[in-house]
Every structure is written in C-alpha cells, then in structure tokens.
Amino acid sequence: LVRVEDDRTGMSEQSLKRAIVDNLHYGQGKDNYFATPYDYYMAIARSMRDRLIKRRIQTARTHIQEDSKVVYYLSAEFLMGRYTGNSLINLGIYERVRKVLRESGLELDDLLEKEHEPGLGNGGLGRLAACYLDSLATLEIPAVGYGIRYEFGIFEQEIRNGWQAERPDKWLSFGNAWEVSLPEYRTEVKFGGHTESYTDTKGRYQTNWIPEHTVFGIPYDTPIPGYGVNTVNILRLWKAESSNEFDLDAFNAGDYLGAVANKMFSENISKVLYPNDDTVQGKELRLEQQYFFVSCSLQDIIRRHIYHYNSLDNLHEKSAIQLNDTHPSIGIAELMRLLIDVHQMDWEQAWHITQNCFAYTNHTLLPEALERWSVNLFGRLLPRHLEIIYEINFRFLSEVRKRYPGDNERIARLSLIEGEGADKKVRMANLACVGSRKINGVAALHTKLLQQDVLRDFYELAPEKFINKTNGVTPRRWLLLGNPRLSNLITEKIGEAWITNLDELRKLEQFADDPQFRQTWREIKQANKQDLAAYIERKNHIQVDTNSLFDVQVKRLHEYKRQLLNVLHIITLYNRIKRNPNEDILPRTFIFGGKAAPGYFIAKLIIKLINSVAAVVNDDPSLEGRLKVAFLSNYNVSMSQQIYAAAELSEQISTAGKEASGTGNMKFALNGALTIGTLDGANVEIREEVGAENFFLCGLTTPEVYELKAKGYNPQEYYQSNSELQEVIRLIACGHFSDGDSQLFRPLLDSLLYNDKYMLFADYQSYIDTQDRVSQAYRQEDNWTRMSILNTARMGKFSSDRAISEYCKEIWHVEPVPVEFKE
Ligand code: 26W
C-alpha cells in the first residue's frame with residue numbers, strides 16, 4: 001500500500017522511485033522524454049530534501065520542547081562540497097537509490113556530478129566548518145551554522161598557457177535545489193551615520209545609533225543531516241537585499257538613479273567571497289560583509305531566544321557562539337550593542353552574558369593574516385561599535401594596569417587599539433580574546449605556539465582560557481562517500497561501526513600482515529588510481545603510468561606550503577636521469593592542484609613553473625615515461641574526494657611553525673596514503689598516531705627554524721655547498737623550462753637565493769634524502785602496503801566526531817538531544 005505522504009518521506013524502493021518521478025514532473029516540469037541529466041539530478045536532490053525537511057521540523061520541535069542549549073557556529077566560509085551524495089549517505093539510502101535508478105537505465109554517480117558544488121570558502125577553514133556541521137548533526141547536538149550566501153563563491157580556476165586565470169563561479173545560475181528561503185525572517189542591518197545620547201524616562205543614560213542606510217538580510221536554510229540519526233540541523237546563510245526597493249526620498253526628489261545606486265550598495269554585500277587565504281587587505285566591503293552576517297545572526301538568535309524564554313537573562317546558558325577565526329569577531333561588540341541599546345540591559349550584565357556566550361578559534365600563525373581594521377574606516381561604518389570597543393578596552397586595560405602596574409609595553413600590546421593618530425587600528429584578535437570564555441588553537445603545536453608567541457600576553461593574563469582542539473575531518477565524506485571501494489572492504493572486515501566511531505579502524509591492524517588482505521588493499525588503490533588516471537587523461541591529455549607512485553600535493557598555493565620545494569625535487573630527479581639515463585629511478589606521477597589568490601603574484605608564478613616543468617618533463621622521450629607532472633585545474637572539494645582515494649604519497653612540507661594544522665594531511669592518511677612531512681601542525685600528531693616508522697619525516701623542527709632565524713639565516717650557505725641544488729637552480733635560471741627565457745622565473749629564484757623566507761634551501765637536502773627513502777620503500781611492495789593499512793587503521797583520532805565531542809564537553813557544555821522520527 002502506498003500513501004501520498006510516502007512520496008515525500010518514504011524510504012522503500014517504490015516510494016523513492018515515485019518521489020523522483022514526482023519531483024521530475026512537478027519540480028522540473030519534465031517527463032522522461034524531455035528530462036536532461038541535470039533534471040534528474042534536481043529530482044533526486046529534491047527527493048532527498050523532502051525527506052530531510054520532515055526530519056528538520058521534528059528536530060526543531062524537539063530542541064524547543066527540551067529547552068536545549070544550542071551551538072551557533074559563525075563562519076564567513078562554509079566549503080560544503082556537493083550535498084546530494086552526502087545526504088544519500090547520511091540517510092543510509094545511497095545503494096538503494098542507485099539500484100532504483102539503474103532499473104531505469106540511469107547511473108546515480110553520473111547524475112550526482114551535475115550538482116554545481118557550493119564553493120563558499122577558500123580552503124581549510126571553510127572546509128573545517130563543513131566537517132564540523134556534519135559531526136554536530138551526527139552527534140545529535142542542536143546547532144546552527146551561520147554565514148553568507150555569496151552569489152559568487154571561490155573563483156573557477158583555468159589554466160591558460162600555464163598561467164592561472166580566474167572566472168566567476170556562477171553556482172546559482174541553474175537554481176539551488178537545496179536551499180529554502182525564509183523572507184519572513186528577514187533582518188535589518190544598519191550602516192554608517194552617527195550616534196546620539198539621551199536620558200530615558202527611567203533616568204538612564206542611553207545611546208541611539210542613527211544610521212546612514214540600512215540593508216535587509218534574507219535567510220536561506222540548507223538542511224544538515226546527521227549520519228544514521230534523525231537529527232537534521234541547518235546551515236543558515238544570509239543574502240543582502242535592499243531595504244527600500246526604490247529609496248522613497250530619492251525617488252520623490254526625482255533622483256531615480258540615486259535610488260537604484262543605493263539598491264546596488266545593499267546587494268553588493270553578499271555578492272562575492274574574498275578569494276584571499278592568509279593575507280588581509282583592509283577592504284571596506286569585507287568589513288561590511290562580516291558585520292552584515294554577524295548582525296543578522298545575532299538578531300536571529302535573540303529573536304528566537306526571547307520568543308522561547310521571554311527574557312535575555314539566560315542567553316548564555318542556552319547559547320554557545322563559536323567564532324571561526326576573527327572574521328565574525330565584531331559579534332562581541334554587536335551583542336553588547338543589542339543587549340544594551342536595544343534591550344536596555346546594563347553594561348555589567350551584558351558583558352557577563354557576552355563573555356559567556358563566545359568562544360574563539362584561531363586558525364593561523366602568519367602575522368599578515370591577523371585582521372586589523374583602520375579606526376577611521378571602522379568609525380565611519382560602525383560608529384556605535386567603535387564606541388563600545390573603546391569602552392571594552394578602557395575597562396579591560398584598567399584591570400591590566402592593576403595587575404601589571406607601570407608595564408606600559410604590555411598594556412600597549414594587549415590594547416584593542418594599535419598605534420597612534422591617523423593610522424590607528426582595531427585589533428580583532430585582541431577583541432576576540434577579551435570577549436571570549438575560551439580560545440583554542442587547531443593542533444597541539446599550534447596552540448603551544450599561540451601561547452608562547454602570537455597570543456602570549458593573553459595567555460599570561462588568563463591561561464585558563466586557552467585550550468587545544470586538534471582538527472578533525474568527517475569520515476562520512478572523506479572515506480565512506482569518497483572511497484566506496486575501500487569503505488566496502490573495511491566494512492566487510494570489521495563491520496560498519498567505524499563510520500561513527502573511527503577508532504574502530506584499529507581493528508584493521510590485525511590484517512596488516514595478511515597477504516590476501518594486502519592484495520585486496522593494493523587492488524583497490526590500483527582501481528582508484530586508474531579512475532584518476534582516466535580523469536587526468538581526459539582533462540590534461542597526459543598519459544600517466546598507473547604503476548608509478550602517485551605523489552600528490554593539493555592545497556591552496558602559498559609560499560609557506562612550499563609547492564616550490566616539491567618542484568625542486570622533481571627537477572632533481574630529472575637531472576639525475578639526464579646525467580645517467582640508466583639510473584634506477586622510481587617512476588612517479590606528480591599531481592598538483594590548488595588555487596592562488598588572484599593578487600598573489602609569486603603563487604601564480606609557481607603555478608606557471610609547475611606547468612612549465614610538466615611541459616618539458618612529460619614530453620621528453622629520454623625519460624621513458626618515468627616522470628610525469630600534472631597540474632589539475634580548478635581543484636575543489638569534489639575533485640579532492642577522487643584524489644585522496646587514489647593518492648599514495650601525501651606532501652605535507654610546510655616550513656615548521658607555519659601551518660596551523662592542515663586537514664588534507666588527515667584525509668590522505670585516512671585513505672591509505674603515506675605522508676612525507678615536516679613536524680608542523682597536525683603532522684606531529686599524525687606521526688605520533690601512525691608510528692614514526694610509518695611516516696616519512698623531513699626538515700627542520702620549529703625550534704630549529706627559530707634558532708636559525710635568530711642567528712641569521714643565509715640561503716647562500718646551503719646553496720654554495722650543494723651541487724645538486726645548484727644544478728636545479730641553474731636549469732631554471734637558464735630558461736630550460738621557459739623556452740630560453742631566463743627572466744620569467746627570476747622573481748622565484750631571487751627570492752630563494754637572497755631571502756628564502758620559508759627556508760626551502762635549508763630543508764632541501766633533508767627533503768631529497770627522505771624522498772629517496774620513499775622510493776626505496778615503495779619498491780618493497782608488501783611493506784608499503786602494510787604501512788598504508790596501518791596509516792588508515794590509526795587515523796581514529798582525526799575524526800571530526802572526536803574534535804566536536806571535545807568542543808561540546810570542554811567549550812560549549814552541550815549534550816546530545818536525540819530526535820524521534822514520527823511518520
Ligand atoms: C582575511 C584573509 C584570511 C582568510 C582566511 C585570513 C585567514 C584565513 C584562514 C584563517 C586561512 C585558513 O584557512 N587557515 C587554515 O585553517 C585550517 C583549519 O583550521 C588549518 O588546518 C590550516 O592549517 C590553516 O591554514
């Protein structure tokens with residue numbers, strides 16, 4: 001018996017089939033004669049969304065009934081990747097839907113590729129937010145992700161003549177099956193203008209902010225399902241819209257174009273994601289974006305809280321607000337403003353609530369990535385917030401003075417305001433530290449460096465605020481969805497408990513010496529490599545040897561991540577073959593992927609160098625195909641899933657002390673790749689978990705880097721004494737990879753030879769020696785497979801479920817709230 005309701009909620013094969021046909025018909029307006037693969041994709045997506053909406057409503061009701069404390073994850077970026085495959089996985093019906101579609105001659109995996117990935121993030125920080133939403137829902141924690149619905153996500157990267165070119169990412173142009181807009185919850189946000197003080201009827205001193213203009217935020221919700229549970233949380237993203245379709249005053253004054261210009265100002269705010277990763281430019285629009293989404297989100301939190309509790313006195317008992325880096329840290333001043341100016345609370349109570357709501361995660365050690373806004377700009381855009389920040393600072397520094405009388409240097413370092421006169425700056429990290437109850441780094445080493453270096457004064461002031469939360473990644477997307485072959489083998493051997501308890505993978509250790517198991521393990525990697533090889537052939541027209549070692553570096557392009565060091569190794573091997581054609585070199589395929597910030601010239605030049613080396617190496621018959629280099633354009637979440645599954649060697653070679661954590665390093669190892677890496681970020685902990693004997697360590701340690709810097713690092717010392725390195729540099733310099741043009745790569749070479757900020761030369765020999773050990777190890781096929789199995793088996797710690805349960809217990813103080821599913 002089939003009920004109408006089944007088309008929206010049913011999980012049987014028959015119901016699913018009807019649901020897809022129904023959504024094709026009435027959602028897309030097509031039947032199977034007219035439907036394109038995209039229409040089928042939309043019908044599948046809508047059928048999953050229907051099922052999640054039902055659960056979402058029941059989840060929301062349960063959270064209200066139980067007066068649950070809620071986690072609000074504020075992030076300027078959410079790098080979600082495609083939704084549909086993940087929702088099929090988390091609903092547990094991937095195979096069933098695949099079967100149903102096959103019966104109609106349709107291939108699920110091909111249809112899922114029609115989804116335009118929502119790329120609303122730059123890299124690690126945005127993807128971490130996405131993994132954390134998955135774990136929050138899976139752990140049945142009431143949570144909302146708040147961010148910006150950028151009309152254009154991270155740019156699409158093309159390679160033209162070896163150079164990166166950018167194109168806009170029009171991800172919404174064919175519609176978004178996953179979002180639901182809620183115009184009735186639109187929220188007003190003010191900008192500019194001035195403040196006025198007055199005394200209210202009760203004789204209290206009050207401040208009024210008279211803005212220059214206002215903007216509406218319209219919320220768009222996407223359901224976030226947990227794996228194997230009924231909890232469905234939401235990601236709520238704000239779109240900016242003009243608050244006056246046609247500004248009435250301007251219109252009445254006959255200023256039609258002025259009125260339209262005002263509309264354009266408003267809608268610009270959520271237009272585009274800033275494509276910078278790790279460097280800040282003090283752009284006004286970026287501050288507008290940050291304030292816009294934070295104000296909408298806090299007003300939304302307050303609206304719901306008052307509706308439920310009729311008071312704000314217990315706001316901090318029912319909400320934990322996480323700041324994903326300093327990008328949303330204006331929220332501290334905004335919550336103070338809302339509590340004091342709008343809800344008439346006194347300063348002390350408002351400050352108590354604010355400090356107990358917020359916690360702050362720092363994601364970077366690079367000084368150029370710390371946000372500082374010019375006081376001028378700040379005061380023009382947010383006059384009331386600047387007053388509040390000065391007041392917070394005044395009270396804070398009075399306390400500091402009591403504790404460290406006369407220590408003016410310390411007071412200057414702790415101040416929320418930097419500098420004097422015209423170029424004063426607001427230090428957002430200091431604001432975040434003062435306004436939060438907890439401050440965390442994202443790997444053990446990173447947290448230690450925050451305490452000793454970047455945030456040292458805050459640590460000395462309030463050591464109890466500091467806590468480490470090593471990053472994690474979701475095993476649902478990064479193993480179950482991305483590597484079905486390996487997932488099936490694992491489940492066959494140890495059952496499926498690993499999917500929600502990744503420590504279970506330890507049970508694979510017992511098979512590490514089983515020849516049959518090793519054989520299967522290898523065959524799976526081989527099949528994944530063949531899939532990737534086919535992709536490379538299709539996209540780059542390069543034929544790669546699937547018996548070669550797949551040596552992969554995929555991540556944003558940045559000097560500190562040292563893609564250039566990897567290139568130096570490739571050229572070293574090239575020279576060895578050229579010197580001695582019979583030299584026994586392990587065949588390798590070097591795979592690169594990653595975007596450079598559009599204004600980051602050196603990073604773009606490194607992309608050009610990789611492609612130039614590829615052009616020479618791939619076509620040189622004397623290499624007999626032993627070395628291939630492929631730069632895969634437009635690296636994104638979807639592509640990365642395929643890459644991790646096929647990778648054998650994971651390049652994690654940042655200068656020690658620079659990479660806060662890394663998360664790609666975890667995804668590689670989870671999929672059985674071995675790591676060549678420095679003692680940086682989470683590499684340190686990965687090595688501890690998998691065992692030093694199953695990890696290829698190279699390079700200086702952080703203390704060694706500091707020491708070398710202190711005594712005066714001179715790259716020439718390393719260069720002059722290393723003939724292989726000289727040969728590499730000379731080959732680039734003479735134009736061997738640039739058709740004889742000896743100027744093209746000069747900026748790269750000059751920066752290495754005369755500055756080498758990230759110490760590539762200091763680590764060159766260690767890296768080359770370690771790569772030589774990798775080559776030898778790869779030839780011991782059985783032992784390599786053993787190490788690969790042990791890497792996967794020992795990755796339990798790096799599940800985002802572990803990370804999120806720690807945040808829940810030690811930072812947010814929230815408990816799971818199971819949701820019952822009622823038909
Ligand atoms: C304002 C410009 C800007 C934009 C983004 C500055 C800084 C950022 C992020 C903090 C950059 C980022 O993604 N950081 C990465 O965060 C990951 C998740 O914690 C870490 O694994 C990476 O090591 C860190 O680089």
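Residues numbered from 1 in each chain as written. Predicted model: local features only at pLDDT ≥ 70, side-chain atom pairs only at ≥ 80, totals over all residues. Heavy atoms only, no water.

(A) View of the overall build of the chain. When its secondary structure is counted, the chain shows 34 helices and 23 strands. With the C-alpha coordinates of the chain rotated into their principal frame, the extents come out at 90 × 80 × 60 Å. Within the chain, the proportion of its 823 residues that are buried is 62%. Contacts in the chain between residues at least 24 apart in sequence constitute 77% of all its contacts with a sequence separation of at least 6. Taking the 97 positively charged and 111 negatively charged side chains of the chain as two groups, their mean positions are separated by 1 Å. (Helix = DSSP H or I, 4+ residues; strand = E, 2+ residues; numbered from the N terminus. Buried < 20%, exposed > 50% of the residue type's maximum accessible area, 1.4 Å probe, protein only. Contact = heavy atoms within 4.5 Å. Lys, Arg positive; Asp, Glu negative; His and termini not counted. Charge placed at Lys NZ, Arg CZ, Asp CG, Glu CD.)

(B) Quick look at the nonpolar core. Residues Phe-292, Phe-378, Leu-508 and Trp-812 are the most contacted members of the largest nonpolar core, which totals 194 residues. Broken down by element, the residue count for this core peaks at nine residues, all from helix H10 (residues 284–309). Setting aside anything within four residues of it in sequence, one finds Leu-508 in contact with Ile-490, Ile-494, Phe-517, Trp-521, Ile-789, Thr-792 and Ala-793. Counting 71 residues, the second largest nonpolar core, distinct from the first, contains Tyr-560, Leu-564, Ile-607 and Ala-614. (Core = buried A, V, L, I, M, F, W, Y, C linked by side-chain atoms within 4.5 Å.)

(C) The arrangement of the pairing of strand S10 (residues 232–242) in detail. Counting buried residues in S10 gives nine out of eleven residues, a clear majority hidden from the surface. Both strand S2 (residues 143–148) and S10 contribute to a ladder of five bridges, which runs parallel. Looking across to S10, one finds that Gly-147 is bridged to Leu-237. In the sheet, strand S9 (residues 213–225) pairs with S10 via eleven bridges, with the strands oriented antiparallel. Of the residues in S10, the one forming a bridge with Tyr-220 is Leu-237. Counting the residues in the hairpin turn of S9 and S10 gives six residues, including Gly-228, whose phi is positive at 65°. (Pairing = 2+ DSSP bridges.)

(D) Just the packing of helix H22 (residues 515–540) against helix H25 (residues 637–646), in detail. At their nearest, the axes of H22 and H25 sit 8 Å apart, and the two run at 135° to each other. Compared by their axis directions, H22 and H25 come out oblique. Helix-helix and strand crossings are classified by hand; for H22 and H25 the assignment is left-handed. In contact with Lys-525, Asn-528, Lys-529, Asp-531, Leu-532 and Tyr-535 of H22, H25 contributes Met-639, Gln-642, Ile-643, Tyr-644, Ala-645 and Ala-646. Across the contact of H22 with H25, the residue classes tally to seven nonpolar, two polar and three charged. (Axes fitted to C-alpha atoms, helices over the stretch in contact; angles between N-to-C directions. Parallel < 35°, antiparallel > 145°, perpendicular 65-115°, else oblique. Left-handed = near helix turned anticlockwise from the far one by under 90°. Nonpolar A, V, L, I, M, F, W, Y, C, P; charged D, E, K, R; others polar.)

(E) The site of the ligand, seen in detail. Close to the ligand lie 20 residues; Val-280, His-363, Asn-471, Glu-659 and Gly-662 are nearest. At 3.0 Å from an oxygen atom of the ligand is found a main-chain nitrogen or oxygen belonging to Leu-125. Between the ligand and the protein, one listed contact pairs an oxygen atom with a backbone N or O atom of Ala-660 at 3.3 Å. Contact with the protein chains covers 97% of the free accessible surface of the ligand, which is 570 Å². No other element matches helix H7 (residues 124–138), which puts three residues into the shell around the ligand. Within the shell around the ligand, the residues separate by chemical class into six nonpolar, nine polar and five charged. (Near = heavy atom within 4 Å. Polar contact = N/O pair within 3.5 Å; in protein donor to acceptor, adjacent residues only side chain to side chain. Areas by Shrake-Rupley, 256 points an atom, 1.4 Å probe, with all protein chains shown as cover.)

(F) Quick peek at the pattern of salt bridges. The full count for this structure, using the stated rule, is 64 salt bridges. Between Asp-407 and Arg-410 there is a salt bridge whose closest N-O contact spans 2.9 Å. We classify Asp-407 as partly exposed; its relative accessible area is 25%. Of the residues examined, Arg-410 reaches a relative accessible area of 12% and is grouped as buried. Put simply, Asp-407, Arg-410, Arg-413, Arg-456, Asp-457 and Glu-460 are held in one network by salt bridges that share partners. (Salt bridge = Lys/Arg side-chain N within 4 Å of Asp/Glu carboxyl O.)

(G) Expanded view of empty space enclosed by the protein. Scanning all chains against the criterion turns up seven cavities of 30 Å³ or more. The space that makes up the largest cavity amounts to roughly 150 Å³. Contributing to the lining of the largest cavity are 16 residues, with Met-80, Tyr-83, Asn-86, Asp-134 and Arg-477 lying nearest its centre. Top element by residues in the lining of the largest cavity is H7. It accounts for four residues. (1 Å grid on protein atoms, 1.4 Å probe; cavity = no way out; pocket = protein on both sides within 12 Å on 5 of 7 lines; lining within 4 Å. Points joined across faces, edges and corners; volume = space filled by probe spheres on them.)

(H) Main features of the sheet that holds strand S19 (residues 588–593). Read across the open sheet, the six strands follow the order S20-S19-S18-S21-S22-S23; overall the sheet is parallel. In the strand order of this sheet, the two ends are held by strand S20 (627–632) and strand S23 (696–697), each with one partner. Along the sheet, helix H24 (residues 601–618) contacts S19 and S20; its crossing angle with S20, the most-contacted strand, is approximately 145°. On the sheet, H25 packs against strand S18 (549–554) and S20 and is oriented at approximately 145° with respect to S18.

(I) Here's a closer look at the environment of Arg-562. Among the secondary structure elements, Arg-562 is positioned in the loop between S18 and helix H23 (563–579). Separated by 196 residues in the primary sequence, Arg-562 and Tyr-758 place their C-alpha atoms 7.7 Å from one another. Discounting chain neighbours no more than four positions away, the residues touching Arg-562 are Gln-553, Ile-653, Ser-654, Thr-655, Thr-678, Tyr-758, Met-759, Leu-760 and Asp-763.

(J) Structural detail: helix H31 (residues 746–754). Buried residues of H31: Leu-748, Leu-749, Leu-752 and Leu-753, and no others. All buried residues of H31 lie within an arc of 120° about the axis, which places them on one face of the element. Against H23, H24, helix H29 (715–720), helix H30 (723–733) and helix H32 (760–779) lie the buried residues of H31. The positive-phi residue at the C-terminal boundary of H31 is Asp-756, with phi of around 50°. (Arc of directions from axis to C-beta.)

(K) Main features of the packing of aromatic side chains. On inspection of all chains with the given rule, the structure shows 23 aromatic pairs. Centre to centre, the rings of Tyr-72 and Tyr-146 are 6.0 Å apart; their planes meet at 25°, and the pair counts as stacked. Taken as a pair, Tyr-72 in strand S1 (residues 70–74) and Tyr-146 in strand S2 lie far apart in primary sequence, 74 residues in all. Residue classification places Tyr-72 among the buried residues on the basis of a relative accessible area of 6%. Tyr-146 gets classed as buried once you look at its relative accessible area, which sits at 0%. (Phe/Tyr/Trp six-rings, centres within 6.5 Å; stacked < 30°, edge-to-face > 60°.)

(L) Structural context of the side chain of Thr-364. Of note, Thr-364 is situated in the loop between strand S12 (358–361) and strand S13 (372–374). Only 3.2 Å separates the side chain of Thr-364 from the backbone nitrogen of Leu-366, close enough to count as a polar contact. Excluding residues within four positions of it along the chain, Thr-364 makes contact with Asp-278, Asp-325, Ala-369, His-446 and Ala-660.

(M) Representation of the layout of surface pockets within the structure. Taken as a whole, the second largest pocket encloses approximately 960 Å³ of empty space. Lining the second largest pocket are 31 residues, and of these Arg-56, Ala-60, Ile-64, Arg-236 and Arg-304 lie nearest its centre. Within the residue set of the lining of the second largest pocket, elements represented by two or more residues are helix H3 (37–65), S1, S2, S9, S10 and H10. Of the residues that constitute the lining of the second largest pocket, the class distribution is 17 nonpolar, five polar and nine charged.

Just distances and angles here, no functional claims.
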